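Given next are the chains, with one letter for each unit.
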Amino acid sequence: MRHSLKTKDDFSSYYKLSNTEVLGFAGLENLFRVQTTPYYASLSSASDTTNAVRKMILPQQAELDSGAQQMLDPLGENKASNRATSRLIHRYTDRALFLATDLCGIYCRYCTRKHFTASDQVLATDPQIEQAVNYVKAHPEIKEIIFSGGDPLTIGNSKLAKMLSAFYDIDHVELIRIGSRMPTVNPFRIDDELVTLLKSFKPVYFMSHFNHPDELTRDSAMALEKLVDNGVPVFNQLVLLNGINNDAALIYALSRRLLYLRVKPHYMFQADPSMGTDHLRTSIEESLQIQRQLWGHASGLAMPRFIVDIPEGGGKAALVPDYVTQRSGSKWSFKGWDGVEADYISPRQPQKPVVEDRYRQEWLR
Ligand code: SF4
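Residues numbered from 1 in each chain as written. Predicted model: local features only at pLDDT ≥ 70, side-chain atom pairs only at ≥ 80, totals over all residues.

1. A few points about the domain arrangement of the chain
- Once the domains are mapped, the chain shows domain 1 (8-64), domain 2 (83-318) and domain 3 (324-365).
- Spacing between the C-alpha centres of domain 1 and domain 2 amounts to 23 Å.
- Contacts between domain 1 and domain 2 engage 19 residues on the former and 21 residues on the latter.
- Where the side of domain 1 that touches domain 2 is concerned, the elements lending two or more residues are α3 (38-42) and α4 (52-57).
- The greatest single-element share of the side of domain 1 that touches domain 2, amounting to five residues, is contributed by α4.
- The class makeup of the residues in the side of domain 1 that touches domain 2 is twelve nonpolar, four polar and three charged. (Domains from an automatic or database assignment. Contact = placed C-beta atoms within 7 Å. Helix = DSSP H or I, 4+ residues; strand = E, 2+ residues; numbered from the N terminus. Nonpolar A, V, L, I, M, F, W, Y, C, P; charged D, E, K, R; others polar.)

As structure tokens, then:
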């Protein structure tokens, strides 16, 4: 991390920069910070501008274009109704997202949280942590805390343990999720000391972020295995990116490799219309087409769910291929992924189960 590439000089001593990348750096004062670990840079090509990993690291002139849609806060996280405290976002009923830090190991060009990430707010301060914890204490419906940012694993272990414990000690908080790109950009961060720490806050779920099979190296595989071997379930979230991974063959290869490493391919996100990302976004039609190509061919375990985050903080919309050809009364007609056509007829007497009060109360809380 200390040897990260940060300045244009750092990058031009490693990469043969193209004109569009040079122009990207020229507009940097208006752009999202550029930075990468040397490890992640080593996965990219120093000379080939079409290289997928390189496109996730380096800015291009197109980032300065206005594009079809540009939002500083596509998820509506700054809306008063969603921002519970300065570091806590409470958008969904039973979970809240804690902005542990704004620092990352790499600043992904497509980042959706440019309103916060790399804004030099660094670690949450003790009063900010206390404010977030007090909010969660006052909201018993919150059962999960998502540690995000920024990348929470840029935080040292002792400070991280202090933050985790502040939330873990709240009675109604059942589990903690950590969203981090460290297994991708600095897999050496996942060491014995860290997994011992995470185990002490069990159950901790880990959300990794691999977008391309080239990112899955021996080192990253070892990092993922260390997490899983130590009882930390890992789920992967990827973002579909124009000219980077928008091909079913790449998503399939990534998913099969992740599954082999016991990592569940979880979400396949449509890129959010974040500032300066028009050239990196796919169309929804293309993303759906990729999902349709995968459907049926990839096993259910290997299949990530395709999600569009509705702009303005509208929440997640899961899109699936539509196999319904006709509906008449209780009869639904389908044509499956490989062309098989059949009907499903719903039963006539639906019956509701008995729901004990304790389950009803938990649901309504
Ligand atoms: S690691 Fe996550 S928060 Fe950081 S720049 Fe990449 S997408 Fe944004």
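2. A word on the site of the ligand
- Near the ligand the following residues occur: Cys104, Tyr107, Cys108, Cys111, Arg113, Thr117, Gly149, Gly150, Asp151 and Arg181.
- Broken down by class, the residue content of the shell around the ligand amounts to four nonpolar, three polar and three charged. (Near = placed C-beta within 6 Å.)

3. So, the pairing of strand β5 (residues 175-179)
- As defined by bridge partners, strand β4 (residues 144-148) adjoins β5 across four bridges and the pair is classed as parallel. Each bridged residue has a counterpart across the sheet, and for Phe147 the counterpart in β5 is Ile178.
- For the crossover that starts at β4, traverses helix α6 (residues 157-168) and ends in the parallel β5, the hand is right-handed.
- As paired strands, β5 and strand β6 (residues 204-208) are joined by four bridges and run parallel to one another. Looking at the pairing, Ile176 lines up with Val204 of β6. (Pairing = 2+ DSSP bridges. Right-handed = clockwise from strand over helix to strand, strands pointing away.)

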